[in-house]
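An overview of the molecular structure
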Amino acid sequence: QVQLAESGGGLVQPGDSLSLSCTASGRFSSSVAMGWFRQAPGKEREFVAVAASGERKFYADSVQGRATISRDNAKRTVYLEIKALKVEDTAIYFCAVTPQNYASMRAHFSARNYAVWGQGTQVTVSS
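Residues numbered from 1 in each chain as written. Predicted model: local features only at pLDDT ≥ 70, side-chain atom pairs only at ≥ 80, totals over all residues. Heavy atoms only, no water.

1. Here we look at the state of the cysteines
- Tallying each qualifying case throughout the model produces 1 disulfide.
- Here Cys 22 pairs with Cys 95 through a disulfide, and the sulfurs are 1.8 Å apart. Since a negative S-S torsion denotes a left-handed disulfide, the Cys 22-Cys 95 link at about 55° is right-handed. With Cys 22 in strand β3 (residues 18-26) and Cys 95 in strand β9 (residues 91-97), this residue pair connects regions lying 73 residues apart in the sequence. As far as the burial class goes, Cys 22 and Cys 95 line up, both buried. (Disulfide = S-S within 2.5 Å. Helix = DSSP H or I, 4+ residues; strand = E, 2+ residues; numbered from the N terminus. Buried < 20%, exposed > 50% of the residue type's maximum accessible area, 1.4 Å probe, protein only.)

Structure below.
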């Protein structure tokens, strides 16, 4: 089975940019979707971005225009860059992979459709 490890989090100021990485180890198929979710204290885990099969990339409205997701299958790594960070972006960021391919765009927005999760990396945006 695949294991995921996130890195790149830290304390940044509003307006800064940050790049997160998530590397997969173990049994892994590059054809499945790799996504990013985040969870702030007291809130539900929410979808951020996903790199799905067929070079499909989807973003949550909250980061649309500011976030870029990319993946390097050779390195078994998915990246998430967020520009113009806001205080509202403060959260623990998790990467996750789906157990299969989904044709539906909407399917990638639900955490229930992801089988394996990393432990998360903390992103704190504060002045």
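2. What about the packing of aromatic side chains?
- With the rule as written, the count across this model stands at 6 aromatic pairs.
- Among the aromatic side chains, those forming a connected cluster through ring pairs are Phe 37, Phe 47, Phe 58, Phe 109, Tyr 114 and Trp 117. (Phe/Tyr/Trp six-rings, centres within 6.5 Å; stacked < 30°, edge-to-face > 60°.)

3. Side note on the side chain of Arg 66
- Examined against the element boundaries, Arg 66 turns out to sit in the loop between β6 (57-59) and β7 (67-72).
- On the basis of relative accessibility, which here comes to 10%, the residue Arg 66 falls in the buried class.
- Engagement of the side chain of Arg 66 in a polar contact is seen with the backbone oxygen of Ala 84, the distance being 3.1 Å.
- Other than its neighbours up to four places away in sequence, Arg 66 contacts Glu 81, Ile 82, Lys 83, Ala 84, Leu 85, Lys 86 and Asp 89. (Polar contact = N/O pair within 3.5 Å; in protein donor to acceptor, adjacent residues only side chain to side chain. Contact = heavy atoms within 4.5 Å.)

Interpretation note: all reported values are geometric properties and have no functional meaning in isolation.
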